[in-house]
Amino acid sequence: FSRLKAGLSRSTQKLSGGLSAVFTRRKLDDQALEDLEDLLISADLGPNVAAKVIDSFRSSKFGKEVTDEEVRTALAEEIAKILEPVAIPFEPDPAHKPHVVLVVGVNGTGKTTTIGKMARYYGEQGKKVMMVAGDTFRAAAVEQLQVWGERVGAPVIAGPPNADAAGLAFEALKKGKAEGADLLLVDTAGRLHNKGALMEELAKIIRVMRKFDETAPHSVFLVLDATTGQNAMEQVRVFKELVNVTGLVVTKLDGSARGGIVVALADAFGLPVHMVGVGEQAEDLRPFSAQAFAQGLVG
Ligand code: GDP
C-alpha cells in the first residue's frame, strides 16, 4: 500500500492540489461543481465519471458549505464505489492445471515485465509457474523474458527467433500439463503490421492451444500503460474486438500523473482490474484495491 501511495503521488498531487484550490470552505454551488468537474476530467477520470460524481454531489450536498476535507472524503467514496466492482484479485483456478493466461497489449505497455512479476508473485505463493516467450517477433522480448525466468526462478519456454508462437504455446501447454504446473503465462506480440494480422496471430495461438485443452486460455489479460491516459480506453476497445479480454492490468502507475484513467476504465468497461504495476522491479506488482486506490488518488 505504501508503495502504491508513493507511486500514485503525482496523480494525487494533480487531483489533491486542485481540490485544495477549489474548496476552501466554500459553498458547493454551480461554479464549484463546474470547477470540480473540470478538475476530474483533467485528472483523466473522464467526462462520464466526472458527470456521475457531480450529479451525486449535486443531489447530496448542493448549496451547503463544505470543507476541503469533506469533499475529499466524499470524492474518495464515489471513486471507490466505481472501483469496487472491478477490484477482483486474480487466483489461478486449480481446476485447470495449468491455468493458462494469455497476456495481450500494445508493445511497450509492460506485458513481458508483468509476466515476470506475476511469476514471482504466484511463485512465492507456492504455485508452479511457467512462462512462454510468445512475442517471437521481437528477439529482445524473448531474451527479456529469459532474464526474468532466471531472476524469479521460473522456467521459460522459448523458441528460435521468429518461431511460431502458436506452436510454442502448444508445446508449453503440453509440458505444463505433464509437469503439473499451476499457471502458464503466455506473452504475445503487440505490434503486428495491422489489426487483422494481430487478430489472426492471437486467434491462431488460441486455436492451436485448444487442440490440446479446449478450455484454454482460461484468462486473457490486457496490459495497459497508465501514462498513455485516454489512449488506454481506445486500446481496450480495439483489443475487445480482437480477443475475449477477461481482465486488465494497469502498469506504470508509479510516477504517472494519470492514475485517474483506472477509474475511467472501470466505469466504461467494467472489466476486472486484477493488478497494477508500480515500478520496474520484480516486487512492483500489487493486487488492485479499490479503497487504497481511491484514497491514494484523492490524497
Ligand atoms: P511489452 O513490450 O509490453 O512486453 O513491455 P515491457 O514489459 O518490455 O515493458 C516496457 C518498459 O516499461 C520496460 O522498460 C519496463 O521496465 C517498463 N515497465 C513495465 N511495467 C512498469 C511499471 O509498472 N512501472 C514502470 N516505471 N515501468 C514499467
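For every chain, the first residue of the written sequence is number 1, and numbering continues from 1 onward in sequence order. Local features in a predicted model are, by the rule used here, given only for residues with pLDDT of at least 70; side-chain atom pairs are given and counted only at 80 or more, and totals for whole chains, interfaces and linings are based on all residues. By convention in this description, side-chain values take in all heavy atoms of the structure and omit both hydrogens and water.

So the rule is basically this: UniProt positions are given in the numbering used here, feature names are shortened, and annotations may be inferred rather than shown by experiment.
Named according to an unreviewed UniProt entry, the protein chain is Signal recognition particle receptor FtsY originating from Novacetimonas hansenii. The annotation that UniProt attaches to the protein chain under Sequence similarities (unreviewed entry) is "Belongs to the GTP-binding SRP family. FtsY subfamily." Note on the protein chain: under the UniProt heading Catalytic activity (unreviewed entry), the record states "GTP + H2O = GDP + phosphate + H(+)".

**Concerning the side chain of Glu78**
How we decide: Each helix corresponds to a stretch of at least 4 residues labelled H or I by DSSP, and each strand to a stretch of at least 2 residues labelled E; elements are numbered beginning at the N terminus. Only heavy atoms enter the contact rule, under which two residues are in contact if any of them lie within 4.5 Å.
Structurally, the position occupied by Glu78 is in helix H5 (residues 68-83). In this view, Glu78 contacts Val53, Ser56 and Phe57; residues no more than four positions away in its chain are not counted.

**Re the sheet that holds strand S9 (residues 273-277)**
Cut-off, in case you're wondering: Here, strands pair whenever DSSP counts at least two bridges between them.
Here 8 strands make up an open sheet; going across it, the order is S5-S4-S6-S3-S7-S8-S9-S10 and the pairing mixed. Looking at the sheet topology across the chains shown, the edges are occupied by strand S5 (156-157) and strand S10 (285-287). Where strand S4 (residues 129-132) meets strand S6 (residues 183-187), 4 bridges bridge the pair, whose relative direction is parallel. What sits directly across from Val132, in S6, is Val186.

**Focus: the site of the ligand**
Keep this limit in mind: A cutoff of 4 Å decides nearness: a residue is near a molecule or strand if any of its heavy atoms lies inside that distance of it. Pairs of N or O atoms are called polar contacts if they sit within 3.5 Å, as long as, within protein, a hydrogen donor faces a hydrogen acceptor (for residues adjacent in sequence, only side-chain-to-side-chain pairs). For the area figures, the Shrake-Rupley method with a 1.4 Å probe applies, and any residue is considered shielded solely by the protein chains shown. In this analysis the probe radius is 1.4 Å and the grid spacing 1 Å, with only protein atoms considered; a cavity is a set of points the probe fits into but cannot get out of, a pocket is an open set with protein on both sides within 12 Å along at least five of seven lines, and lining residues have an atom within 4 Å of a point. Assignment to a cavity or pocket requires that more than half of a molecule's atoms be within 2 Å of the site's grid points.
Taken together, 18 residues surround the ligand, and among them Gly108, Thr112, Thr113, Asp254 and Glu280 come closest. The backbone of Gly108 places a nitrogen or oxygen atom 2.7 Å from an oxygen atom of the ligand. Within the contact set of the ligand, an oxygen atom lies 3.0 Å away from a backbone nitrogen or oxygen of Gly110. In the complex, the protein chains occlude 82% of the 580 Å² of accessible area that the ligand would expose alone. At a threshold of 2 Å from the grid points, most atoms of the ligand map onto the largest pocket. In terms of residue count, the dominant contributor to the shell around the ligand is helix H6 (residues 111-124) (4 residues).

**Re the pattern of salt bridges**
What counts, and what does not: What makes a salt bridge here is a side-chain nitrogen of Lys or Arg within 4 Å of a carboxyl oxygen of Asp or Glu, nothing more. Note on classification: 1.4 Å probe, protein chains only; a residue is buried when its accessible area is under 20% of the maximum for its type, exposed when over 50%, partly exposed between these limits.
All told, the structure shown has 15 salt bridges when counted by the stated rule. For Glu78, the salt bridge goes to Lys81, with nearest N and O atoms at 3.4 Å. Of the two residues, Glu78 and Lys81 are both situated in helix H5; the distance of 3 residues between them amounts to about one turn of the helix. Of the residues examined, Glu78 reaches a relative accessible area of 14% and is grouped as buried. With relative accessibility at 54%, the residue Lys81 sits in the exposed group. Salt-bridge contacts for Arg120 lead to Glu124; the nearest nitrogen and oxygen are separated by 3.5 Å.

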